[in-house]
Amino acid sequence: MLLLTEEGKRYYDLAKKLLSDYKNEYNDIKENLQKDVLTIGITGPFERKHVPFIVKQFKENDTISIDIKAFNLFTCIEKLNNREIDIAFGLSNNFKNYPDLIYRTIYHSHVCVVTSLEHPLSHKEYVTIKDIKNEPLISLGEGIGLSATEVISENDQVAVIPLKESHHHADYAVGYHQDNGKKAIQQFMKYVEDYFRL
């Protein structure tokens, strides 16, 4: 049987305390690293235009790490609902189908008509519902489509024509899952709202 001297017992107790403190600190750091990363889902040109500026300015005032992932509209909202991402940008209508998601509308966009560059309407300054009432809607190679102006990229080879005298619009939103308790989510949400209020 091994007996510890008084100094050995003090050393043993100190080593146990240090090991316990190390484990506690390690777990705290690991937990904080996970908490200090926001994963943000984006869906298209609208977000690609604004999110880099939002993130850059947000990070000037906060030490949080941000991971941005691109998805289509449906996948982005699904990932948010499944808590695979912390924040998602998308259309307000997409958020409405998920009761556990909290969202805020940040931008109201007008709908435009999208045509090929060769389409007869492509050179018009704007069109009305009367102008497009007999046009086929989204068929292969022919016709027109309706879209929010902000989702059309400069690289798309299409004509974008404002639609006048119409009530149609698309609302952009940012949201999070109500069960996600990361403090940075509320800070980022407020920052996004303030950004679009300017």
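About the thresholds
- Residues numbered from 1 in each chain as written.
- Predicted model: local features only at pLDDT ≥ 70, side-chain atom pairs only at ≥ 80, totals over all residues.
- Heavy atoms only, no water.
- Salt bridge = Lys/Arg side-chain N within 4 Å of Asp/Glu carboxyl O.
- Buried < 20%, exposed > 50% of the residue type's maximum accessible area, 1.4 Å probe, protein only.
- Helix = DSSP H or I, 4+ residues; strand = E, 2+ residues; numbered from the N terminus.
- Core = buried A, V, L, I, M, F, W, Y, C linked by side-chain atoms within 4.5 Å.

Engineer: Go over the pattern of salt bridges with me, naming the residues and quoting the values.
Structural biologist: Counted according to the given criterion, the structure contains 8 salt bridges. Across the pair Lys-69 and Asp-67 runs a salt bridge whose closest N-O atoms are separated by 3.8 Å. Owing to a relative accessible area of 36%, Lys-69 belongs among the partly exposed residues under this scheme. The class of Asp-67 is partly exposed, set by a relative accessible area of 32%. Lys-182 is the salt-bridge partner of Asp-86, the closest N and O atoms lying 3.0 Å from each other. Here Asp-86 is found in the loop between α3 (73-81) and β3 (87-91), whereas its partner Lys-182 is found in the loop between β8 (169-177) and α6 (183-197), with 96 residues between them in sequence. The two residues Asp-86 and Lys-182 agree in class, both being buried.

Engineer: Provide a residue-level description of unusual backbone geometry, including the pertinent values.
Structural biologist: Not every positive phi belongs to a glycine, and Arg-83 is a case in point at roughly 65°. Locating Arg-83 in the fold gives a position in the loop between α3 and β3.

Engineer: I'd like a rundown of the nonpolar core, residues and numbers included.
Structural biologist: Ranked by size, the top nonpolar core spans 25 residues in total, and within it Leu-38, Ile-66, Phe-89, Ile-106, Phe-188 and Val-192 carry the most contacts. Those elements that provide at least two residues to this core are β1 (37-42), α2 (45-61), β3, β8 and α6. Judged by nonpolar contacts, the second largest core, of 10 residues, contains Cys-76, Ile-85, Phe-95 and Tyr-98.

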